[in-house]
Every structure is written in structure tokens, then in C-alpha cells.
Amino acid sequence: MTTLAKDLVELQAFLKDHPRLVVLTGAGISEGSGIPTYRDAAGIWRASEPIKHQEFITDSSKRQRYWARSLRGWPAVHDAKPNKAHLALAKLERGGHIEMLITQNVDRLHQRAGSEQVVDLHGRLDQVVCLNCSCRISRESIQQILVRENASAMAGQLQIRPDGDSDVHQQIVDRFRVPICAECEGTLKPDVVFFGGTVPPDRVSKCMSAIDRSDALLVIGSSLQVYSGFRFCKRAAATNKPIALINSGKTRADSLATLRLSSDCGPLLTALLASR
């Protein structure tokens, strides 16, 4: 029996015994849509660490670096399409099997696939917020401004990083013109929780309540190295809710898991639907 076939049998049994799930997804589920992950299978950073919340808030040069890299990285997120795993989860939701889908991703691919009961734990990259007046602007509108003000920064090859990031030469960063709020000239920030930032408490509470109502927690494509996602595994374990992990490498919750599956989530979830 292949690994996929074995994992399918185990996942079928898990869903039969626990028909109402909370699903938590990480970067691994969007890798099949062309968006890279932060970490490898061993949980090690693939490249330099992403920008930190406090850096962005307090250091204008860090904001300059962020927007320069985002100018070239955003189109990859904007143009990404939901893959088979996203589509399968949307169908499972329509079948009544998903109480809530919590995603650590900011790409909105679950919504584009048709999922409705989604909590964007770390926010959404397709919106930008002013830190002064709190107005919100679409990221695509900001892209048009960035391109107009920094046309030369679009030249040359680039390597795409996770969450709309990209590699950019320092000379481009040094002369990059960052966007400002058209209403109050305040500082603009993508509407996401950067590393070191805090997830809004009401968002966390909503997720915890869903876990309490569910039969089990299914984690897909996350190493759970960041506590903001791992906390839900701790909640499930504390309330005796079984935990299933679909991930190719090790995770922070391996010792808490009832079931660990290593198959690619796209083929595995597609096979699960086909078998129902």
C-alpha cells in the first residue's frame, strides 16, 4: 500500500469518527499555488527572516525595505489560484464537515476557493490600513501608486519569497518612495499581523469557541512553530479533542497529535472527497 493510500484510509476513519472539524492551515497548503513557505521540512528558515512588527512601526528604513520588496512580490500573491487542497476544503465545508477554517496565511486563497467560514488569523494581504486614521485601501490600488512612483524598481529578475515578499537590491531600497495615506498622510501598513505582532483577542476567542464546539482539530501544512497557531493545538489537547496533522515534516504539535500524515495535502484531500 502506498503512503497516500494508507494516509487516505486513516483520514477517512478520522473524519468518520469526528465529522465536524476545525481546520487550521499554514503556508504548506498554498505552496501548490506557487507561494513559497517560510520554513523547510525540518522547520528551518529557507531565507532571511521576515520583517518584524516593531521594526515596521518604528523604523522608516524598514518600511522602505518592506514596500520595495512588496512592489515586486505582490503580483505573485494577487495572481495565485486556489489549488486542489483549497478547493477540497471548500467542498468539505459545503458538506457540513467544517465548523471553522482558521488560516495562518494572508493570501485569501481559501475564500477564492469558496470557503465561507474562514478566520484570517494573521490578517489579509489584499488590504492596507493607515496607522493614523484607520482607513483601509485595496493593496492593488497601492500597487498602482508604487509602480508609478518607483517604475525603475520593476526592472531585472527577482526571487519570490513568502507572503508577497521578494529579493531586491539595496540600492533600489535606498531610493524607494513609500506610499502614504491619501486622507491624512499617515503611515500605511499591510493589514496583516507581522512577526512579533499580536493577533486581535476577539479573533483568537472566536477560534477557541469553534474548537470547543467541534469534534476534532485538523492541521494542514503548518509546522506550528509560531505560537499564534500552536495555541489552538494546546486548546484542543486541553479539551480532549483529537488532533490530526497533515504535514510533510515535523511540527511543534507532534507529541499532541492523535494522527500524523505525511502525504501531500492536495492529492490526499482530493482522494478523500472522491471516496465519499
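Before going into details, it helps to say that this report is about the structure given with it. Here the structure is a predicted model, which means the values were calculated and not measured.

Let's talk about the pattern of salt bridges
Move 1: This structure, assessed with the given rule, holds 9 salt bridges.
Move 2: Here Glu10 ties to Lys6 by a salt bridge, and the two come within 2.7 Å at their closest N and O atoms. With Glu10 and Lys6 both in helix H1 (residues 3–17), this residue pair falls 4 residues apart, about one helical turn.
Move 3: Residues Arg108 and Asp120 are paired through a salt bridge, measuring 2.6 Å at the closest nitrogen-oxygen approach. Here Arg108, found in the loop between strand E2 (98–103) and helix H5 (109–113), pairs with Asp120, found in strand E3 (residues 118–120); they are 12 residues apart in sequence, far enough to count as distant.
Move 4: On the basis of relative accessible area, Asp120 is assigned to the buried category, the value being 12%.

Considerations on the packing of aromatic side chains
Move 1: Using the criterion set out here, one finds 5 aromatic pairs in the structure.
Move 2: Ring centres 5.2 Å apart and planes at 45° place the aromatic pair Phe56 and Phe194 in the tilted group. Here Phe56, found in helix H2 (residues 53–58), pairs with Phe194, found in the loop between strand E8 (188–192) and helix H8 (201–213); they are 138 residues apart in sequence, far enough to count as distant.
Move 3: Residue classification places Phe56 among the buried positions, given a relative accessible area of 0%.
Move 4: The buried category is assigned to Phe194, whose relative accessible area is 8%.
Move 5: Both rings, one in Tyr227 and one in Phe230, keep their centres 6.4 Å apart while their planes meet at 65°; by these two values the pair is edge-to-face. Of this pair, Tyr227 and Phe230 are both found in helix H9 (residues 227–238), 3 residues apart, which corresponds to roughly one turn of the helix.
Move 6: Through pairs of rings, three or more aromatic residues link up here, namely Phe56, Tyr66, Trp67 and Phe194.
Move 7: Note that Lys189 overlies the ring of Phe194, its terminal NZ or CZ placed 5.0 Å from the centroid.
Move 8: Sitting over the face of the ring of Phe232, Arg231 holds its NZ or CZ atom 6.0 Å from the ring centroid.

A look at the packing of helix H3 (residues 60–78) against helix H6 (residues 139–149)
Move 1: Here H3 crosses H6 at 130°, and the two axes come no closer than 10 Å. Between H3 and H6, the angle is such that the two are oblique. Crossing geometry of H3 relative to H6 is assigned as left-handed. For the pair formed by H3 and H6, the contact residues are Trp67, Ser70, Leu71, Trp74, Pro75 and His78 on the first element and Arg139, Glu140, Ile142, Gln143, Leu146 and Val147 on the second.
Move 2: Residue composition of the contact of H3 with H6, by class: 7 nonpolar, 3 polar and 2 charged.

Quick look at the sheet that holds E8
Move 1: The 3 strands lie next to each other as E5-E4-E8, forming an open sheet whose pairing is antiparallel. Here the strands that pair on one side only, and so sit at the sheet edges, are strand E5 (136–138) and E8. Averaged over all pairs of adjacent strands, the angle between their axes in this sheet comes to 40°, without regard to strand direction.
Move 2: Where strand E4 (residues 123–130) and E8 come together, 4 bridges link them in antiparallel fashion. Each bridged residue has a counterpart across the sheet, and for Cys130 the counterpart in E8 is Leu188.

Regarding the pairing of E4
Move 1: Pairing analysis gives 3 bridges linking E4 to E5, with the strands arranged antiparallel. Residue Val128 lies in a different strand from E5, and its bridge partner there is Ile137.
Move 2: Adjacent in sequence and paired antiparallel, E4 and E5 are bridged by 5 residues, among which Ser134 carries a positive phi angle near 70°.

Examining the sheet that holds strand E11 (residues 259–261)
Move 1: Pairing is parallel across the open sheet formed by 6 strands, whose spatial order is E3-E2-E1-E9-E10-E11. Each having just a single partner strand, E3 and E11 make up the two edges of the open sheet. Averaged over all pairs of adjacent strands, the angle between strand axes in this sheet comes to 15°, irrespective of strand direction.
Move 2: Examined bridge by bridge, strand E1 (residues 21–25) and E2 share 5 bridges and lie parallel to one another. Note that in E2 the partner of Leu21 across the bridge is Ile98.
Move 3: Strands in contact with helix H4 (residues 84–94) are E1, E2 and strand E9 (216–220); relative to E2, the strand with the most contacts, it is inclined by about 150°.
Move 4: Those strands touched by H8 are E1, E2 and E3, and its axis lies near 145° from that of E2.

Regarding helix H10 (residues 265–274)
Move 1: Among the residues of H10, Cys265, Gly266, Leu268, Leu269, Ala271 and Leu272 are the ones counted as buried.
Move 2: Where H10 is buried, its residues touch H1, H4, E9, strand E10 (243–246) and E11.
Move 3: Where H10 begins, the side chain of Asp264 points an oxygen toward the backbone nitrogen of Gly266, at a separation of 2.9 Å.

Cut-offs and rules
Residues numbered from 1 in each chain as written. Predicted model: local features only at pLDDT ≥ 70, side-chain atom pairs only at ≥ 80, totals over all residues. Heavy atoms only, no water. Salt bridge = Lys/Arg side-chain N within 4 Å of Asp/Glu carboxyl O. Helix = DSSP H or I, 4+ residues; strand = E, 2+ residues; numbered from the N terminus. Buried < 20%, exposed > 50% of the residue type's maximum accessible area, 1.4 Å probe, protein only. Phe/Tyr/Trp six-rings, centres within 6.5 Å; stacked < 30°, edge-to-face > 60°. Lys NZ or Arg CZ within 6 Å of the ring centre and 35° of its normal. Axes fitted to C-alpha atoms, helices over the stretch in contact; angles between N-to-C directions. Parallel < 35°, antiparallel > 145°, perpendicular 65-115°, else oblique. Left-handed = near helix turned anticlockwise from the far one by under 90°. Contact = heavy atoms within 4.5 Å. Nonpolar A, V, L, I, M, F, W, Y, C, P; charged D, E, K, R; others polar. Pairing = 2+ DSSP bridges. Polar contact = N/O pair within 3.5 Å; in protein donor to acceptor, adjacent residues only side chain to side chain.

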